[in-house]
Amino acid sequence: MSRKNILAVIALVAVVAVGGLALSGAAQGRDALALRVNDAIGEPGGIVAVVVRTYASRPVGQGQICLVAGGGAAARSINVVDTPFESLVDSVVFATRRDVISSASVDTTGQGQAILLQFSSKSGTINSADGPLGVLYFKLRSDLRPGQVFGLSLDLKNTALFDPAGKLVAVEPRNGELEVRADRDAYKLEVDTHKVRPGGLEQAGIESFEPFAIGSGQIAVLYDEEIAARRVKVKMSRKQGSRRFRVNRSVPGRLLVTFNSPRNDLNLVPGSLISLKIPTRSDVPLGTRSRIEIDPAESFLLDPAGNALLVEFKGRNFRFRETESDDDSDTDADTDGDSDVDSDGDTDADTDGDSDEDSDGDTDADEDTDADSDVDSDEDTDTDGDSDDDSDGDSDGDTDSESDSS
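Here we come to the side chain of Asn267. Tracing the chain through its elements places Asn267 in the loop between β18 (254–260) and β19 (272–279). Within the structure, Asn267 has its side chain in polar contact with the side chain of Ser208 (distance 2.4 Å). Other than its neighbours up to four places away in sequence, Asn267 contacts Ser208, Glu210, Pro211, Phe212, Ile214, Gln240 and Leu273.

What follows is the structure, given as structure tokens:
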């Protein structure tokens, strides 16, 4: 970290520490950015990933996030241990320009373990695409027992985000939990849904909760086609790892998503592996409950070696509700100043700050951050995993499958 960035971080810490209570109040309110700590799962002595994400692509230039692990939720456990982490392993903060300088630390207090993640981006492109803002990797204590639950809460008095111009970004906290599982338990994939008004956009996700490498797989998503006004949009974000995917829509009410990971790194950042955007019909009766589920008979995950992973699939209902007051000046149900049904500042139907209807930071319509129109991230226009413009799978620039230039 440069001297300039060290001084910036010291100044930021001083502001937060001295003016914590005032900052906490100022960082909430109208059009606040939802800052969520995802639920996490891990086994005793294993690696767990704590993901902090947002639901809107509001660019951030610098800031810090303070989490507290432990405390009240641990009282529901079967053991008296009230702090979950043995050590901090790594941390990552995401920006479109990949110029982030960040650091993380852990301190044990009377309230649990306080984790401070500090970051800055010269380009101001942190959180310029919705999804994970950052992820922290920890080794869990080996003396934890399956069934223990720990709170993962945001400490707003020591959390502050600033946009590229240095203006404080209002934050709405959404806390999570850490669950300890047995080492032979199945991994969990679960549908995440939200309340939606008739005619609004239901944004559902197929969520994972712990980091394990996926080489390839297939997920069959079942939904009620009667509530959909138009075609359901399916995305897989590059923030969760390299991916290529196809969607089969041949059966009404079923989305069959098949995928592979060219670098075998899919899901090393857990979270929303598959995102669904369902434009709903305006004539759906208020109070209607609709279910999205995963068909286990047609769904599977394979590790990088091609072995089947033991996975438990769970679905979820969502409910149609009336438009709620959101304290802004438009007539929709989100918390920004436009007239669409998402939570960003543009007029399309996705949740980032551009108008190409995907959730990355470029201007094409595929889910990556390169400038081409395929579904990989190697900045060429073919379908292999290297960075030259052919389809032979090597990087020598010719059209055969040997690593030479002849």
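Don't stop here, the text continues.
With 10 bridges joining them, strand β6 (residues 100–109) and strand β7 (residues 112–121) adopt antiparallel strand pairing. Bridging across to β7, Ser105 finds its partner in Leu116. The turn linking β6 back onto β7 is made up of two residues.

The subject of this paragraph is the pattern of salt bridges. Summed over the entire model, instances satisfying the criterion amount to 14 salt bridges. Among the ionic pairs, Arg36 bridges to Asp192, the shortest N-O distance being 3.3 Å. Of the two residues, Arg36 sits in strand β1 (residues 33–37) while Asp192 sits in strand β13 (residues 187–192), which places them 156 residues apart along the sequence. Of the two residues, Arg36 and Asp192, neither departs from the other in class, the shared state being buried.

Further remarks concern the environment of Glu202. Structurally, Glu202 is set in strand β14 (residues 201–208). On the basis of relative accessible area, Glu202 is assigned to the buried category, the value being 1%. Between the alpha carbons of Glu202 and Arg319 there is a distance of 9.8 Å; along the sequence they are 117 residues apart. In this view, Glu202 contacts Thr193, His194, Lys195, Val196, Leu276, Lys277, Ile278, Thr280 and Phe318; residues no more than four positions away in its chain are not counted. A polar contact is formed between the side chain of Glu202 and the backbone nitrogen of His194, at a distance of 3.1 Å.

Another point: the sheet that holds β1. Spatially, five strands are ordered β5-β8-β3-β1-β11 in an open sheet, and the strand pairing comes out mixed. For this open sheet the edge positions go to β5 (85–93) and β11 (171–174), each flanked by a neighbour on one side alone. Looking at each pair of strands side by side, their axes are set apart by 20° on average, direction ignored. Relative to β11, β1 is paired through four bridges, and the arrangement is parallel. Of the residues in β11, the one forming a bridge with Ala34 is Glu172.

Our focus in this paragraph is the side chain of Gln113. Within the secondary structure, Gln113 sits in strand β7. Of the residues examined, Gln113 reaches a relative accessible area of 5% and is grouped as buried. A polar contact is formed between the side chain of Gln113 and the backbone oxygen of Phe85, at a distance of 2.9 Å. Excluding its chain neighbours within four sequence positions, the residues that come into contact with Gln113 are Leu67, Val68, Ala69, Thr83, Pro84, Phe85, Val106, Asp107 and Thr108.

Another point: unusual backbone geometry. Here the phi dihedral of Arg98 falls at roughly 55°; this positive angle occurs in a residue that is not glycine. With respect to the helices and strands, Arg98 occurs in the loop between β5 and β6. Classification of Arg98 by relative accessible area gives exposed; the value is 63%. With a phi close to 55°, Asn264 is a non-glycine residue in the positive phi region. Counting through the fold element by element, Asn264 comes out in the loop between β18 and β19.

Here is the key point about a regular strand: its side chains alternate between the two faces of the sheet. Where burial is concerned, the two faces of strand β20 (residues 289–294) differ: the one with Ser290, Ile292 and Ile294 is buried and the one with Arg289, Arg291 and Glu293 is not. Relative to β20, strand β15 (residues 216–222) runs antiparallel, the two being bridged by two bridges. Bridge pairing in β20 links Leu222 to Glu293. The sheet contact formed by β20 and strand β23 (residues 316–319) spans four bridges and is antiparallel. Across the sheet, the residue bridging to Arg291 is Asn317, located in β23.

Taken in spatial order, the five strands line up as β16-β19-β14-β13-β22 in an open sheet, and their pairing is mixed. Strands at the two margins of the open sheet, each flanked by one partner only, are β16 (233–235) and β22 (311–314). Strand after strand, the sheet turns through a mean of 15° between neighbouring axes, direction not considered. Relative to β19, β14 runs antiparallel, the two being bridged by seven bridges. Its bridge partner being in β19, Ile206 is matched across the sheet by Ile274.

Conventions adopted
- Residues numbered from 1 in each chain as written.
- Predicted model: local features only at pLDDT ≥ 70, side-chain atom pairs only at ≥ 80, totals over all residues.
- Heavy atoms only, no water.
- Helix = DSSP H or I, 4+ residues; strand = E, 2+ residues; numbered from the N terminus.
- Polar contact = N/O pair within 3.5 Å; in protein donor to acceptor, adjacent residues only side chain to side chain.
- Contact = heavy atoms within 4.5 Å.
- Pairing = 2+ DSSP bridges.
- Salt bridge = Lys/Arg side-chain N within 4 Å of Asp/Glu carboxyl O.
- Buried < 20%, exposed > 50% of the residue type's maximum accessible area, 1.4 Å probe, protein only.
- Axes fitted to C-alpha atoms, helices over the stretch in contact; angles between N-to-C directions.

Interpretation note: all reported values are geometric properties and have no functional meaning in isolation.
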